[in-house]
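Residue-level structure breakdown
Letter by letter, the chains look like this.
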2 protein chains.
Amino acid sequence: MNAYVMLGVFQTTQKLRTALRRLSRAGRPPLDLQMQFLRRGRCPRSVALSRKLHVGADGSRSSPAAAPQRLPFSRVSVEDLAVFRKILPGRVITDPDLLQSSNEDWLTSVRGSSEVLLRPQTTQEVSQILSYCNSRNLAVNPQGGNTGLVGGSVPVYDEIILSTSFMKNILSFDNIAGILTCQAGCVLENLVLYLEERDYIMPLDLGAKGSCQIGGNVATNAGGLRLLRYGSLHGTVLGLEVVLADGQVLDCLSTLRKDNTGYDLKQLFIGSEGTLGVITAVSILCPRKPKSINVVFLGCETFDQLLKTFQLCKGMLGEILSAFEFLDSECMRLLNTHLKLPNPISDCPLYIVIETSGSDSKHDSQKLHNFLEEAMTSLLVTDGTVATEDSKIKALWSMHI
Amino acid sequence: MNAYVMLGVFQTTQKLRTALRRLSRAGRPPLDLQMQFLRRGRCPRSVALSRKLHVGADGSRSSPAAAPQRLPFSRVSVEDLAVFRKILPGRVITDPDLLQSSNEDWLTSVRGSSEVLLRPQTTQEVSQILSYCNSRNLAVNPQGGNTGLVGGSVPVYDEIILSTSFMKNILSFDNIAGILTCQAGCVLENLVLYLEERDYIMPLDLGAKGSCQIGGNVATNAGGLRLLRYGSLHGTVLGLEVVLADGQVLDCLSTLRKDNTGYDLKQLFIGSEGTLGVITAVSILCPRKPKSINVVFLGCETFDQLLKTFQLCKGMLGEILSAFEFLDSECMRLLNTHLKLPNPISDCPLYIVIETSGSDSKHDSQKLHNFLEEAMTSLLVTDGTVATEDSKIKALWSMHI
């Protein structure tokens, strides 16, 4: 559940679909590699093993989204397990109880029936596993923190789960340029803590940061709260290391900020959700840690006023604006009812959350004060509260799940 | 000549080459479309028509970079010209005098021998031309403002020059989100002027802005002065419309900021230099126009001090820092000698240019004052001058060619 809707998030996949169809009609297979892996990674085996969809007290039933039949991939044999155990001593999980949490998504809405979970620690191990699976025609499901809410991180049937959870080393940090290079399995919050000590922050922040992994963030092109300020991962990710379906390692792990040499192949993997390869390492540009953060919670009457507030905000808060999100009264009711989160201001049809981050708290406060005065006197907003303390800021953001 | 070197610009293409080799070794052609167009667009015809390299007073000689022989592309016939004239009435140039400036690069270092220059106005016309050229096996050289300094924008031999200069319409501007959509041939400076009236700026700025075109900027992944603040075009370009080699129109002209649906195909065209298709339209995210701009010119003794100044600058100027570049004493000597530009401060081994852009001039001045005081008292810099007026700012930036 995402109680807030970021301005401009309403999106359509239609154009991409059209584009893909056009490329496909052209008879050229530029996405051949992608599709091959897509087919390998997401194919059903049989109805008996089909993905389950939980429907509350009634138990579970087959997901209507599941494909009708499994393509002829091999099944994991005793010999396969022996090979995996040789590559990953002590890191091949076959115990169904231990596998359950990896087969099931965070909302427990869907679950697969994988019988093997592999936990590589190095790129070389990922390469060996994929190379072997490719030669044996075994389907593979890459998995990060398994925090997604759309069922994309768990197997459909019996795919081998390739977890990046044990790939959690930070490889380097350039303190001058602010560029972090780390393995894909680093948990976002651990990176945040690592950077905090060095006076930097991650360019993205998510509600799931305590469990989600940077590799998964990149694979799903996660946006998060700071997109408005620091932009998408297409801009902040400087390099990727990826293992392709047949085990080849694609080294695009650049740490160069202004790289305009040739095709930017790594971009294809940002948002590809594991269908083109397994991301094993990431280099990412990190902003300096802001010295001052403020959060404002406002109420307004109409969507038109909300848009005008956004424009005013962009003009008056300018470079310190770091987030602008909104929710409606129905969202607020759900938050009250189900999460017992109280409305911090009086009832309004629409609510706005604005965050500022800057390097000088006096300057930021003054800009914020001027903006609020203008917004109130011009009757764009009807009520509001400001948070400057950490605990109050967290309380306001807690509504963003 | 680029007198300044942006911090971190030292780059290598080795990794990309390795990656491409690896993909190629895999026997899979994910870049098939690209390569096909690459072969079409850049192939020599014969030694007699080979690209010339000017070598000053000695006249010209064959460029050592030219490929030894031309692949068997067709030559432009009278019938071809008739077809072009039907598609583009009055916009097919064959007069050698008029063609000269399009055959030659800005530095007059290299020149091709194209005999036809086409000037489409619409995407449909570009599509018809490429479709026809594809069917006739005619080589095509897309060209924007022809302001590049590396000879990449002119033909190698007799390729047809497809100019985007007549595609200069602004298609839309979203005043709330700051998203501009325009044809590829819009001159950067015209876009800057258009946006200025609407209180916005372009996210990139280049010395060549008076002639360079946005399509060419995207095709070459231009960085420019504002990269430090607003990031690369991979982050700011939201959508592209591209005509592929066979005339198909690929519509990825999204204006959605937070688009994480599927593969981001448009990214492949950013920096592809016309080898994958012809960019016909661009949508780009534009920042608000800053209310206050300051430029500082500083001198320092060692590279270590320069890096420390950069770190201090990131910490103290934070969100208002918009450019940080440097030049050495040899660059300064060349600027003095050849461009008669005086050194604005005393002689130093290294010089730094810092630009700030913000929404409150008082706040910006105060931040800048604090930073300069700290940099001077800690002996990181030895001399400096500050410019706040437009003319003085331009004078300082004039050294950046």
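A quick note: this is a predicted structure, and the numbers were derived from the prediction, not measured. Along each chain, residue indices are assigned from 1 in the same order as the chain's sequence is written. Here chains are named by letter from A upward and ligands by number from 1 upward, in the order in which they appear as written. Selection of residues for local features in this predicted model requires a pLDDT of at least 70, selection of side-chain atom pairs for listing and counting requires 80 or more, and totals for whole chains, interfaces and linings are taken over all residues. The side-chain values count all of the structure's non-hydrogen atoms but skip hydrogen atoms and water molecules.

Observations regarding the overall build of chain A
Counting from the N terminus, the helices are the DSSP runs of H or I reaching at least four residues and the strands are the DSSP runs of E reaching at least two. The secondary structure content of chain A amounts to 13 helices and 17 strands. Note on exposure labels: buried denotes an accessible area under 20% of the residue type's maximum, exposed denotes more than 50%, and partly exposed covers the range between, all computed with a 1.4 Å probe on protein chains only. Looking at chain A as a whole, 57% of its 401 residues are labelled buried. Contacts in chain A between residues far apart in sequence, at least 24 positions, make up 72% of those at least 6 positions apart. What sets the accessible areas is the Shrake-Rupley method with a 1.4 Å probe; for residues, cover comes only from the shown protein chains. As presented, chain A carries roughly 16,600 Å² of accessible surface, and 54% of it is formed by carbon and sulfur atoms. The contact criterion used throughout is that any non-hydrogen atoms of two residues lie within 4.5 Å.

Observations concerning the pattern of salt bridges
Salt bridges are identified by distance alone: a Lys or Arg side-chain nitrogen within 4 Å of an Asp or Glu carboxyl oxygen. Tallied over the entire structure, the rule returns 22 salt bridges over all chains. Residue Lys209(A) pairs with Asp205(A) through a salt bridge whose shortest N-O separation is 3.2 Å. With a relative accessible area of 25%, Lys209(A) lands in the partly exposed category. Glu330(B) serves as the salt-bridge partner of Arg333(B), at 2.8 Å between the closest nitrogen and oxygen. Note that Arg333(B) and Glu330(B) are positioned in helix H11 (residues 329–339) at a spacing of three residues, about one turn of the helix. Classification of Glu330(B) as partly exposed rests on a relative accessible area of 39%. Through salt bridges that share partners, Asp205(A), Lys209(A) and Arg226(A) make up one connected network.

Some remarks on the domain arrangement of chain A
Residue and element names in this part refer to chain A. Segment limits for the domains were obtained from an automatic or database-derived domain assignment. Domain assignment breaks chain A into domain 1 (29–163), domain 2 (170–285) and domain 3 (292–397). Taken together, the contact between domain 1 and domain 2 spans 17 residues of the former and 19 residues of the latter. Our count for the domain 1 to domain 2 interface comes out at zero salt bridges. Polar contact is the term for a pair of N or O atoms within 3.5 Å; when the atoms are in protein, one must be able to donate a hydrogen and the other to accept it, and sequence-neighboring residues count only if both atoms are side-chain atoms. At the surface where domain 1 touches domain 2, the tally comes to three residue pairs in polar contact (both at pLDDT 80 or more). At the level of elements, helix H2 (32–41) and helix H5 (123–136) are the ones that each hand at least two residues to the side of domain 1 that touches domain 2. Taken together, the residues that form the side of domain 1 that touches domain 2 break down as seven nonpolar, 10 polar and no charged. Only Asp, Glu, Lys and Arg are considered charged in this grouping, and only Ala, Val, Leu, Ile, Met, Phe, Trp, Tyr, Cys and Pro are considered nonpolar; every other residue, Gly among them, is considered polar.

Some points on the UniProt feature "domain: FAD-binding PCMH-type" (unreviewed entry) in chain A
UniProt positions are given in the numbering used here, feature names are shortened, and annotations may be inferred rather than shown by experiment. Mapped onto this numbering, the UniProt entry gives "domain: FAD-binding PCMH-type" (unreviewed entry) at residues 109–289 of chain A. For residues 109–289 of chain A, the end-to-end C-alpha separation is 37 Å, with 20% helix and 23% strand making up the annotated structure.

Considerations on the sheet that holds strand E4 (residues 92–93) of chain B
Residue and element names in this part refer to chain B. For two strands to count as paired, DSSP must find a minimum of two bridges between them. Ordered by their spatial adjacency, four strands build an open sheet running E4-E6-E8-E7, and the pairing between neighbours is mixed. At either margin of the open sheet sits one strand with a lone partner, and together these are E4 and strand E7 (140–143). Examined bridge by bridge, E7 and strand E8 (residues 160–163) share four bridges and lie parallel to one another. Counterpart to Asn141 in the pairing with E8 is Ile161. Each axis is a line fitted through C-alpha atoms, and for a helix only the stretch in contact is used; angles between axes span 0 to 180 degrees, taken between their N-to-C directions. Across the sheet, helix H4 (residues 96–103) touches E4, strand E6 (117–118), E7 and E8, and the angle it forms with E8 is around 75°.

A word on unusual backbone geometry
Its identity is not glycine, yet Asn137(B) carries a phi of approximately 60°, on the positive side. Tracing the chain through its elements places Asn137(B) in the loop between helix H5 (123–136) and E7.

A look at a nonpolar patch on the surface
Residue and element names in this part refer to chain A. Exposure above 30% relative accessible area and the absence of a salt bridge qualify a residue for a patch, where like charges join within 9 Å and nonpolar side chains (Val, Leu, Ile, Met, Phe, Trp, Tyr) within 5 Å. A contiguous nonpolar patch, built from Trp106, Leu107, Leu149 and Val150 and spanning about 450 Å² of accessible area, is present on the exposed surface. In this fold, Trp106 is placed in the loop between helix H4 (96–103) and strand E5 (110–111). Look at Trp106 and you get exposed, because its relative accessible area is 57%.

Looking at the sheet that holds strand E13 (residues 278–285) of chain B
Residue and element names in this part refer to chain B. One open sheet holds the five strands; their spatial order is E9-E10-E13-E11-E12, and the pairing between them is antiparallel. Lying at the two open borders of the sheet, with one neighbouring strand each, are strand E9 (170–174) and strand E12 (249–252). Geometrically, the sheet is characterised by an average inter-axis angle of 10° between neighbouring strands, direction not taken into account.

What to know about the packing of aromatic side chains
Residues and elements named next belong to chain A. Here the aromatic set is Phe, Tyr and Trp, taking the six-membered ring for Trp, and pairing holds for ring centres within 6.5 Å; pairs whose planes are under 30 degrees apart are stacked, those over 60 apart are edge-to-face, and all others are tilted. Under the definition given, this model contains 12 aromatic pairs over all chains. With centroids separated by 5.6 Å and ring planes inclined at 85°, the aromatic side chains of Phe84 and Tyr132 adopt a geometry described as edge-to-face. Within this pair, whereas Phe84 is found in helix H3 (residues 78–87), its partner Tyr132 is found in helix H5, the two being separated by 48 residues in sequence. Since its relative accessible area comes to 1%, Phe84 is described here as buried. Ring pairing ties together the aromatic residues Phe173, Tyr194 and Tyr200, which thus form one cluster.

A word on the packing of H3(A) against H5(A)
Residues and elements named next belong to chain A. Where H3 contacts H5, the two axes come as close as 10 Å, and the packing angle between them is 165°. In terms of orientation, H3 and H5 fall into the roughly antiparallel class. The crossing of H3 and H5 is right-handed. Listed contacts from H5 to Glu79, Asp80, Val83, Phe84 and Ile87 of H3 are Glu125, Gln128, Ile129, Tyr132, Cys133 and Arg136. Looking at side-chain class alone, the contact of H3 with H5 contains six nonpolar, one polar and four charged residues. Each angle receives one of four descriptions, namely roughly parallel if under 35 degrees, roughly antiparallel if over 145, roughly perpendicular if within 65 to 115, and oblique otherwise. The crossing is said to be left-handed when, going from far helix to near helix, the turn is anticlockwise and less than a right angle, and right-handed when the turn is clockwise.

Looking at the packing of helix H12 (residues 361–377) of chain A against helix H12 (residues 361–377) of chain B
Running from N to C, H12(A) and H12(B) cross one another at 175°; their axes reach a closest spacing of 11 Å. It follows from the interaxial angle that H12(A) and H12(B) lie roughly antiparallel. Residue-level inspection shows His363(A), Gln366(A) and Lys367(A) of H12(A) in contact with H12(B), the latter providing His363(B), Gln366(B) and Lys367(B).

Points about H3(A)
All names here are of chain A. The set of residues buried in H3 consists of Asp80, Leu81, Phe84 and Ile87. Burial along H3 is one-sided: seen end-on, the buried residues are contained in an arc of 120°. Looking at H3, the residues exposed on the side facing more than 90 degrees away from the buried face are Val78, Glu79 and Lys86. Buried residues belonging to H3 abut strand E4 (92–93), strand E6 (117–118), H5 and strand E8 (160–163). Directions from the helix axis toward the C-beta atoms define the arc.

Focus: the state of the cysteines
Disulfides are covalent bonds that link the sulfur atoms of two cysteine residues. Residue and element names in this part refer to chain B. Cysteine sulfur atoms are paired as a disulfide whenever they fall within 2.5 Å. The tally for this structure, following the rule as stated, stands at zero disulfides over all chains. Of all cysteine sulfurs, the one in Cys182 lies closest to Cys252, which takes part in no disulfide; the gap is 16 Å. Judged by its relative accessible area of 12%, Cys252 is buried.

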